[in-house]
Amino acid sequence: MSTFDDLIAEASAVPVAGWDFSWFAGRATEQRPSWGYARLLGRQMAGARRAVDLQTGGGEVLAGVESVPPLLVATEGWPPNVAMARRRLAPLGAHVVRAAQDGGLPLRSGCFDLVVSRHPTVVGWSEVARVLVPGGSYLSQQIGPDSVGELRAALGVSVPPRADQRPDRVRDAATAAGLDVVDLRMESLRVEFFDIAAVVVFLRKVVWTVPGFTVDRYRGQLAALHRRICAEGVFVAYSRRVLVRAYRR
């Protein structure tokens, strides 16, 4: 069995750019939402003429779409992800544009009939409405309130749940921006970590889970969690996901 120090060293060396989670195979699992975002995305893209994927990460999800519209754009704010997305999405003919995660979109108003986004860190509702044509559609799978809060609690971290991630606040914000919400659902999904390396890679990759996370800062708490996983075989948390489907009035 690998020691705590061995697992920490392994986790610290794993590249964390992009949204490829294949490294976690056999080390962590996450239940998927019942609605099947990738399937919904494929259907929407097949019927679109001009579409944009906001905060695409490394383009991993968008790259799986079988039929793409004549104009396909993706935005991303983190430079390593921008370069990765450009390489991955080039075969689709997609244009990858650098854009701040929480700022304005460098895109023309009323240009797109479809805007999509999976796990955006911040949703600029007014910008979504601005770039959509009247009657254009918005599809997004978002992070719900206090997602994997059990993990933060195990590390002794207290982060107030973001009110803007609550479904009622999501509906209010979308409506205020000029969107009509036609589908809004939230599900709580089981997440399992089978070793402390998986925990560390997750926290390094999904940086908003524990803001300012470093191994050195949380070494004592990680060691305690490592002992817990060794004793119980798994650490369980629950992610929360929100599906939003809307149209611009």
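Worth saying up front: this structure is predicted, and the values here are computed from it rather than measured.

> Pulling in residues and values, what's your account of the layout of surface pockets?
Approximately 220 Å³ is the volume attributed to the second largest pocket. Taken together, W19, R32, P33, G36, Y37, A38, E60, V61, R118 and Q141 make up the lining of the second largest pocket. Considered class by class, the residues forming the lining of the second largest pocket number five nonpolar, two polar and three charged.

> How would you sum up the side chain of D183? Please name residues and give values.
One can find D183 in strand β7 (residues 179-193). The exposure class of D183 is buried, given its relative accessible area of 15%. Within the structure, the side chain of D183 is placed 2.8 Å from the side chain of R185, a separation counted as a polar contact. Not counting residues up to four positions away in its chain, the partners in contact with D183 are L243, V244 and R245.

> Before we move on, can you summarise empty space enclosed by the protein with the specific residues and values?
This model, assessed by the stated rule, comprises one cavity of 30 Å³ or more. Empty space within the largest cavity amounts to approximately 140 Å³. Of all the secondary-structure elements, those providing two or more residues to the lining of the largest cavity are β3 (71-76) and α4 (125-131). The residue inventory of the lining of the largest cavity, partitioned by class, reads nine nonpolar, six polar and three charged.

Criteria and cut-off values
- Residues numbered from 1 in each chain as written.
- Predicted model: local features only at pLDDT ≥ 70, side-chain atom pairs only at ≥ 80, totals over all residues.
- Heavy atoms only, no water.
- 1 Å grid on protein atoms, 1.4 Å probe; cavity = no way out; pocket = protein on both sides within 12 Å on 5 of 7 lines; lining within 4 Å.
- Points joined across faces, edges and corners; volume = space filled by probe spheres on them.
- Nonpolar A, V, L, I, M, F, W, Y, C, P; charged D, E, K, R; others polar.
- Helix = DSSP H or I, 4+ residues; strand = E, 2+ residues; numbered from the N terminus.
- Buried < 20%, exposed > 50% of the residue type's maximum accessible area, 1.4 Å probe, protein only.
- Polar contact = N/O pair within 3.5 Å; in protein donor to acceptor, adjacent residues only side chain to side chain.
- Contact = heavy atoms within 4.5 Å.

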